[in-house]
Amino acid sequence: MPEKSPDQLSLAEAKAELKRLAEEIAEHDERYHGQDAPTISDAEYDALRNRNAALEDRFPELVLASSPSNRVGAAPQEKFGKVQHRVPMLSLGNAFEDSDVAEFLGRVRRFLNLPEATEIEITAEPKIDGLSISLRYENGELVQAATRGDGAEGENVTANVRTIGDVPEKLAGKAPAVLEVRGEIYMSHRDFAKLNEKQSRDDEKTFANPRNAAAGSLRQLDSSITASRPLRFFAYAWGEAPELPEKTQWDVVMGFKKLGFPVNPLMKLCRSSEELLIHYRSIEERRADLGYDIDGVVYKVNRLDWQARLGFVSRSPRWALAHKFAAEKATTILEGIDIQVGRTGALTPVARLKPVTVGGVVVSNATLHNEDEIARKDLRIGDTVTVQRAGDVIPQIVAVMLEKRPRGAKPYEFPKVCPACGSHAEREERDTGKTDVVRRCTGGLICPAQRVERLKHFASRNAFDIEGLGDKIIEEFYHDGLIQSPSDIFTLAARNERSLKKLKDREGWGEASVKKLFDAIDQRRSIALDRFIFALGIRHVGETTARVLARSYGSAEHFRDQMIAASHHDEEAWNELNALDGIGAVVAEAITQFFGEGHNIEVVNELLKHVSPSALAAVAASSPVSGKTVVFTGALEMMTREEAKSMAERLGAKVAGSVSKKTDLLVAGPGAGSKLKEAEKHGVEVIDEAEWFRRVGEQK
Ligand code: IVH
């Protein structure tokens, strides 16, 4: 049924509608800001807010105390104290296909260099769809409970967690001095239904799903409310745990059971990818009867010494994998194709769909990836299409029903100019002779879309992480001329002081929210160097590369100067950059291209007037190789190349791909050739693998 426009509604209808909108917007705010899991697009969110504002305009007497107009986007975030996780809380790599499971085992085997005949034991258990929590016990007593947050820092929710019956206050049996037990807080289907019934009886907000209900219940300021909500817990992992006596994942989790924690009864020890898949299927079959939401099966390498050797790539362990359940599907109409312009000028097509419910969530757009994808699927406006949501919130189009194609539907023509600035949009020729799949706007910083996207990236979570400066606010501030370039963020408060048009007088703002924003900005005047580099938004420079650069160059000024030198063909600077591990020609080219442009240097210089990036602490400051530049060459026999690299980095060393006079140490195995010669030429110390292990003191 089409929605009535605000001026067609009666007083009673408007009242009901305002209540509904307040609830709906609050929920999206919570998903967006509280859980980082939005389920609608920005445009849809804006439409809800606009409708709310229009209704309030017409019926000022109906404005609710809880009206979204009285709040900025963010739900109150500062209500809980922060907790630094001593051991980061990580996420898991995802898999969707059966073949990913054998690949996972293959990767583990290769990394550890295990012969085919060696059995790898893997635990398989349900992936609970709740929220993860870290419980700290000291001398057997619960002293702190923290949410995951961004993995490094979470919220202190101890008082609330103490109300959860599944979480013991005191550990049973012999208590270690320190133990952090981690797991998932969730709500059962039955309790969720009961809670929602009660909420609507009491005229309170209802929850969209058990996960939201659990999150909302845990993040209550008043812990008596949490106590009234039936939250449950499963233990499946740990953080700081210096006295762990067990040697396997399985034994630790079984140990948790003895200490008084619920552990999932469907956890099973498997010995092959076939066995894993059988268990996966059996869990999937029971999914509907479990009584709580799960969204896949988690596999973990059982031996803890192997887990330690496997370590992590960026934020996920190499020793674990989340095998998600197949996506849910629905059929709808492709109503249009919108083109979004990204930070690096990439034109991304987005399908505009007739809204349809897929697995409980209303979907109205889908990613189309790129031009070729549209052509390959021959998508035409008006087509009937099948959409699916796979694991995350971004839905995809998986099939077109040709028999339902409207007569006269024309093949889609991808625009050749940027819709935001009108510049030419090109597909680059690669060195390989292939054309890039992505069409890019050539407007650079004259393109308003690229500028806004760069600003969004700059303030985003893994970059400067400025709370309260989300995408929507950046767009607004950009359009109103308040923030045009990153350094403007840091002069905002001073300019506001002088200006007659104060921020606090803007719609949706007030003294408190302005102060909160300025405080959040001030907090970021000092920042880790890797975040600073990542925030610049240089093409191909992701978080990992930014970290390598930060470790290698040490300070923002030195990094800038060396990159400018490299972009002016200074051979030494160029070679040093190229020798860094994980930095290939494409990345080096992108970085020097960035520093070859005056306006980018200006952005960096302006920023450095307001922020001071700090050098990264070496991972292990006290290790004998920390701060050293190490190169591995020849055949390694005691560890794989990948393992060597990650061990060295863990110990605070830089790993380079080639030898130069900056190299401190060459670890050479049998068959070492040109690098060994190069090392001798530069007088670099050369050692073998056994000596490496002796020095770093790690046992093999
Ligand atoms: S293990 C280092 N096991 O999934 C690995 N996680 O995508 C720590 N989750 O943040 C996680 N069930 O909230 C693990 N049986 C399970 C899980 C599980 C649910 C969640 C957890 C984590 C997320 C990662």
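As a starting point, this report considers the structure included with it. (Residues numbered from 1 in each chain as written. Predicted model: local features only at pLDDT ≥ 70, side-chain atom pairs only at ≥ 80, totals over all residues. Heavy atoms only, no water.)

### Here's the deal with the site of the ligand
- Looking at the ligand, there are 15 residues lining it, with Lys127, Ile128, Glu184, Tyr236 and Lys300 nearest.
- Take Pro126: an N or O atom from its main chain is 3.2 Å from a nitrogen atom of the ligand.
- Look at the ligand: alone it shows 520 Å² of surface, and the protein chains cover 88% of it.
- When residues of the shell around the ligand are traced back to their parent elements, those giving at least two are strand E3 (122-128) and strand E10 (294-301).
- Per-class residue counts for the shell around the ligand are 8 nonpolar, 2 polar and 5 charged. (Near = heavy atom within 4 Å. Polar contact = N/O pair within 3.5 Å; in protein donor to acceptor, adjacent residues only side chain to side chain. Areas by Shrake-Rupley, 256 points an atom, 1.4 Å probe, with all protein chains shown as cover. Helix = DSSP H or I, 4+ residues; strand = E, 2+ residues; numbered from the N terminus. Nonpolar A, V, L, I, M, F, W, Y, C, P; charged D, E, K, R; others polar.)

### Considering the sheet that holds strand E5 (residues 141-147)
- Pairing is antiparallel across the open sheet formed by 4 strands, whose spatial order is E5-E4-E7-E8. The open sheet is flanked by E5 and strand E8 (232-238), the only strands paired with a single partner. Each neighbouring strand pair of the sheet contributes to a mean axis angle of 35 degrees, computed without reference to strand direction.
- Strand direction decides the pairing type here: strand E7 (residues 178-186) and E8, joined by 6 bridges, are antiparallel. Within E8, the residue paired with Glu184 across the bridge is Phe234.
- Against the sheet, helix H8 (residues 249-259) makes contact with E7 and E8, and its axis sits at roughly 140 degrees relative to E8, the strand it touches most. (Pairing = 2+ DSSP bridges. Axes fitted to C-alpha atoms, helices over the stretch in contact; angles between N-to-C directions. Contact = heavy atoms within 4.5 Å.)

### Quick word on the packing of helix H12 (residues 448-459) against helix H13 (residues 471-479)
- Packing of H12 against H13 brings their axes to within 10 Å, and their N-to-C directions diverge by 135 degrees. The orientation of H12 relative to H13 falls into the category oblique. Of the two elements, H12 crosses H13, and the hand of that crossing is right-handed. Residues Pro448, Arg451, Val452, Leu455, Lys456 and Ala459 of H12 pack against Asp471, Ile474, Glu475 and Tyr478 of H13. (Parallel < 35°, antiparallel > 145°, perpendicular 65-115°, else oblique. Left-handed = near helix turned anticlockwise from the far one by under 90°.)

### Some details on unusual backbone geometry
- One non-glycine residue, Asn113, lies in the positive phi region at around 60 degrees.
- Mapped onto the fold, Asn113 is located in the loop between helix H3 (99-112) and E3.
- Asn113 gets classed as partly exposed once you look at its relative accessible area, which sits at 46%.
- With a phi angle near 50 degrees, Asp378 is a residue other than glycine that sits in the positive phi range. (Buried < 20%, exposed > 50% of the residue type's maximum accessible area, 1.4 Å probe, protein only.)

### Observations regarding the packing of helix H18 (residues 556-567) against helix H19 (residues 571-579)
- It is the contact of H18 with H19, at a shortest axis distance of 7 Å, that shows an interaxial angle of 110 degrees. The angle between H18 and H19 falls in the class roughly perpendicular. In this structure, the crossing between H18 and H19 has a hand that is left-handed. Note on element contacts: H19 touches H18 through Ala573, Trp574, Glu576 and Leu577, opposite Gln562, Met563, Ala565 and Ala566.
- Residues that form the contact of H18 with H19 fall into these classes: 6 nonpolar, 1 polar and 1 charged.

### So, the pairing of strand E15 (residues 347-358)
- Where strand E14 (residues 328-341) and E15 come together, 7 bridges link them in antiparallel fashion. Opposite Val341, over in E15, you have Leu347 as the bridge partner.
- Adjacent in sequence and paired antiparallel, E14 and E15 are bridged by 5 residues, among which Gly345 carries a positive phi angle near 85 degrees.
- Pairing of E15 with strand E16 (residues 361-367) involves 6 bridges; the strand directions are antiparallel. Following the sheet pairing, Val358 is matched in E16 by Val361.

### Some details on the packing of aromatic side chains
- Considering all chains together, one arrives at 17 aromatic pairs under this definition.
- For the pair Tyr186 and Phe234, a centre-to-centre distance of 5.1 Å together with 10 degrees between the ring planes defines the contact as stacked. Of this pair, Tyr186 sits in strand E7 while Phe234 is found in strand E8, placing the two residues 48 residues apart along the sequence.
- Arranged with centres 5.2 Å apart and planes meeting at 55 degrees, the rings of Tyr186 and Tyr292 form a pair that is tilted. Remark: Tyr292 occurs in the loop between helix H9 (273-286) and E10 and Tyr186 occurs in strand E7; sequence separation between them is 106 residues.
- For Tyr292, a relative accessible area of 10% translates into the label buried.
- Members of the aromatic cluster, each reached through a chain of ring pairs, are Tyr137, Phe233, Trp238, Phe256 and Phe261. (Phe/Tyr/Trp six-rings, centres within 6.5 Å; stacked < 30°, edge-to-face > 60°.)

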